[in-house]
Amino acid sequence: MNIAVIGTGYVGLVTAAGLAEFGHKVVGTDKDFEKISKVSQGIVPIYEPGLDELIMSNLKKGNLVFSTDLDKTIAEADIIFVCVGTPQRDDGSADMSQIEEVSRQIARNLNRYKLVVEKSTVPVKTSFWIKRTISLHKKTDQEFDVASNPEFLREGSAVSDFLNPDRIIVGVETQRARDILCGIYAKFRERLLVTNIDTAELIKHASNSFLAMKISYINLISNICEKTDANVEQVAEGMGLDPRIGGRFLKAGIGYGGSCFPKDIKALARIGEELGVDMSLLKEADRINAERVRIFVDKIKQALWILKDKQIAVLGLAFKPETDDIREAPSIRVIRSLLQEGARLRLCDPQASDNMKQLYPEEPDRLRYCASPYDAAEKANAMVILTEWDDFAKLDLKRIKEAMANPIIVDGRNVFSPEAVKKLGFEYYSIGRK
Ligand code: UGA
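Residues numbered from 1 in each chain as written. Predicted model: local features only at pLDDT ≥ 70, side-chain atom pairs only at ≥ 80, totals over all residues. Heavy atoms only, no water.

Novice: Would you mind showing me how to read the sheet that holds strand β10 (residues 344-348) here?
Specialist: Either a parallel or an antiparallel arrangement is found when strands of a sheet pair, and the pairing is made through backbone hydrogen bonds. Strand order in the open sheet formed by six strands is β11-β10-β9-β12-β13-β14, with parallel pairing between adjacent strands. With one partner strand each, in any of the chains shown, β11 (367-369) and β14 (427-429) form the two edges of the open sheet. Taking the axes of each pair of neighbouring strands and ignoring which way they run, one obtains an average angle of 20° across the sheet. The sheet contact formed by strand β9 (residues 311-315) and β10 spans five bridges and is parallel. Among the inter-strand pairings, Ala313 is bridged to a residue of β10, identified as Arg346. Helix α12 (residues 280-304) contacts β9, β12 (382-385), β13 (408-411) and β14 of the sheet and is inclined by roughly 165° relative to β13. Against the sheet, helix α13 (residues 330-340) engages β9, β10 and β11, with an angle of about 155° to β10. (Pairing = 2+ DSSP bridges. Helix = DSSP H or I, 4+ residues; strand = E, 2+ residues; numbered from the N terminus. Axes fitted to C-alpha atoms, helices over the stretch in contact; angles between N-to-C directions. Contact = heavy atoms within 4.5 Å.)

Novice: I keep staring at unusual backbone geometry and nothing clicks. Help me out?
Specialist: Leaving glycine aside, a negative phi is the common case for residues, and trans is the common case for peptide bonds. Despite not being glycine, Lys125 shows a phi value in the positive range, around 95°. Secondary-structure assignment places Lys125 in the loop between β5 (114-118) and α6 (126-137). On the basis of relative accessibility, which here comes to 44%, the residue Lys125 falls in the partly exposed class. Look at Phe249: it is not a glycine, yet its phi comes out positive at around 65°. (Buried < 20%, exposed > 50% of the residue type's maximum accessible area, 1.4 Å probe, protein only.)

Novice: Mind showing me how you'd approach the nonpolar core here?
Specialist: Inside soluble globular proteins, nonpolar side chains tend to come together where they are buried. Ranked by size, the top nonpolar core spans 66 residues in total, and within it Leu338 and Met383 carry the most contacts. Here this core gathers at least three residues from each of two domains, domain 2 (205-286) and domain 3 (292-429). Sequence-distant contacts of Met383, that is, excluding residues within four places in its chain, are made with Ala313, Leu315, Leu395, Ile400, Met404, Ile408, Ile409, Val410 and Phe416. Within the second largest apolar cluster, 42 residues are counted, among which are Val26, Ile36, Ile46 and Ile79. (Core = buried A, V, L, I, M, F, W, Y, C linked by side-chain atoms within 4.5 Å. Domains from an automatic or database assignment.)

Novice: Sorry if this is basic, but what is going on with the packing of aromatic side chains here?
Specialist: Each aromatic ring pair is summarised here by two numbers: the centre-to-centre distance and the angle between the ring planes. Summed over the entire model, instances satisfying the criterion amount to six aromatic pairs. Where Phe22 meets Phe162, the ring centres are 5.6 Å apart and the plane angle is 20°; that geometry is what we call stacked. One end of the pair, Phe22, is in the loop between α1 (10-21) and β2 (25-29); the other, Phe162, is in helix α7 (residues 158-163), and 140 residues separate them in sequence. Both residues of the pair, Phe22 and Phe162, belong to the buried class. Here Tyr256 and Phe261 contribute two aromatic rings whose centre-to-centre distance is 6.0 Å and whose plane-to-plane angle is 80°, an arrangement assigned as edge-to-face. The rings of Phe22, Phe162 and Phe188 are connected pair by pair, giving a single aromatic cluster. Positioned above the aromatic ring of Tyr113, the side-chain terminus of Arg176 is 3.5 Å from the ring centre. (Phe/Tyr/Trp six-rings, centres within 6.5 Å; stacked < 30°, edge-to-face > 60°. Lys NZ or Arg CZ within 6 Å of the ring centre and 35° of its normal.)

Novice: Would you explain the side chain of Asn109 in this entry?
Specialist: Mapped onto the elements, Asn109 comes out in the loop between α5 (97-108) and β5. A distance of 2.8 Å separates polar atoms of two side chains, one belonging to Asn109 and the other to Asp71. Aside from chain neighbours lying at most four places away, what touches Asn109 is Asp71, Ile74, Ala75 and Lys114. (Polar contact = N/O pair within 3.5 Å; in protein donor to acceptor, adjacent residues only side chain to side chain.)

Novice: Teacher, can you tell me more about the packing of helix α9 (residues 197-226) against helix α10 (residues 232-240) here?
Specialist: A packed helix pair is summarised by two numbers, namely the angle formed by the two axes and the spacing between the axes. Where α9 contacts α10, the two axes come as close as 9 Å, and the packing angle between them is 130°. By the angle between their directions, the pair α9 and α10 is classed as oblique. The way α9 lies across α10 gives a crossing that is right-handed. Residues Tyr217, Ile218, Ile221, Ser222 and Cys225 of α9 form the contact with α10, whose participating residues are Val232, Val235, Ala236 and Met239. Its residues assigned to classes, the contact of α9 with α10 shows eight nonpolar, one polar and no charged. (Parallel < 35°, antiparallel > 145°, perpendicular 65-115°, else oblique. Left-handed = near helix turned anticlockwise from the far one by under 90°. Nonpolar A, V, L, I, M, F, W, Y, C, P; charged D, E, K, R; others polar.)

Novice: Would you take a moment to explain the site of the ligand for this structure?
Specialist: Taken together, 19 residues sit near the ligand, with Phe152, Leu153, Glu155, Lys204 and Asn208 positioned nearest. Contact between the ligand and Gly257: an oxygen atom at 2.9 Å from a main-chain N or O atom of the residue. Protein burial of the ligand: of its 710 Å² of free accessible surface, 92% is covered by the chains. Of all the secondary-structure elements, those providing two or more residues to the shell around the ligand are α9 and α11 (261-274). The biggest single contributor to the shell around the ligand is α9, with three residues. Looking at the shell around the ligand, its residues break down into nine nonpolar, two polar and eight charged. (Near = heavy atom within 4 Å. Areas by Shrake-Rupley, 256 points an atom, 1.4 Å probe, with all protein chains shown as cover.)

Novice: Is there a simple way to explain the state of the cysteines in this structure?
Specialist: Per the stated rule, a full pass over the model turns up zero disulfides. As a non-bridged cysteine, Cys182 has Cys83 as the owner of its nearest cysteine sulfur, 19 Å distant. (Disulfide = S-S within 2.5 Å.)

Below, the structure written as structure tokens:
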């Protein structure tokens, strides 16, 4: 069967390359001509470990091609994975216009039976609208099915998440769609859960919102730890020993970011409210997250008092390690607050500096991008950590101390052990522990 993947963002690129790796014939398509022309030559526009190699090897094998001819790609496909963006609108709901546009394009090219699979994160009931749109616009009486197969990959480990998933959720309403999707994922039969479409759509939003809530919960607990002698890492460890809770996703810090959690928790809150359900639990988790940056900037002020004209080394810009993605990264708001207070910043990130430069270009004496943490630390009055890159945990702190004007670290991700840094003579502030 011929597979088309529409949209070549994070999800689309990994889906296209991953399905090709499973041995299927895949055409990836996008309306962004430049992106397609680059990726056709194996030049991947995002930093994602292992993705370049996966795309390159499948391009070479001939399992994967990229095309800008959307009509032809749809016409020749039996299965169409829809991976276009569903960005957030001002009211918190998801903007579904790209999904609608793709549905109309599919309708125009419905020359034989096709299975349309939603892979992007979409609100529950989206399949109803896709079906309605295709039915309204199709020019033939050819049949089609819509199914939901939400993607659970995490940026930074997207390739291994796709090739070795914990679970595959398939939401279908016909046996034909069920057979096709179960066939595609045959090698993961034991990890496959088949549901109806509304359920599959909701599993994705409910999972992301639950994980976001878990992070806000431990961040709330970290606030209590800071006012007592409790240590949030040990609290999390102790909680996590209960298998009903589990120890993962209990790292306190400056809050969750990225293109998914902040958007999905708001979108689910919005959907629930539209359906007449009280969603204050999720709204509160989102509010707690929004507070994290203010709490962190207060910590920096606690260390430096007046920020005006203070030189601050900022380590970590990406919303999490192993990615160059800065979408909704807490670093954006931390930088904005520090600049508003008149601080002078020296920023450093192993992958995300170019993306941050689009938002905050270099400014003499006010904002500089540095090639290494040691360079960033030069004459700094304090160093702040915003992303827990491995490279930062391995820093030669003696060298950092020598470079800094004042040996002060404000660590938003608990990268260092308090005892170790204090022993080296640093004044050290972190999250939920002393
Ligand atoms: C998230 C989900 O984990 C994926 O399962 C899902 O497929 C994806 O969204 C999506 O909807 O596409 P991702 O946004 O790549 O993946 O990143 P995560 O690793 O989940 O981290 C999200 C944020 O939470 C990051 O800012 C991270 O720093 C923060 N976080 C995570 C914490 O603050 N504490 C933790 O314990 C874990």
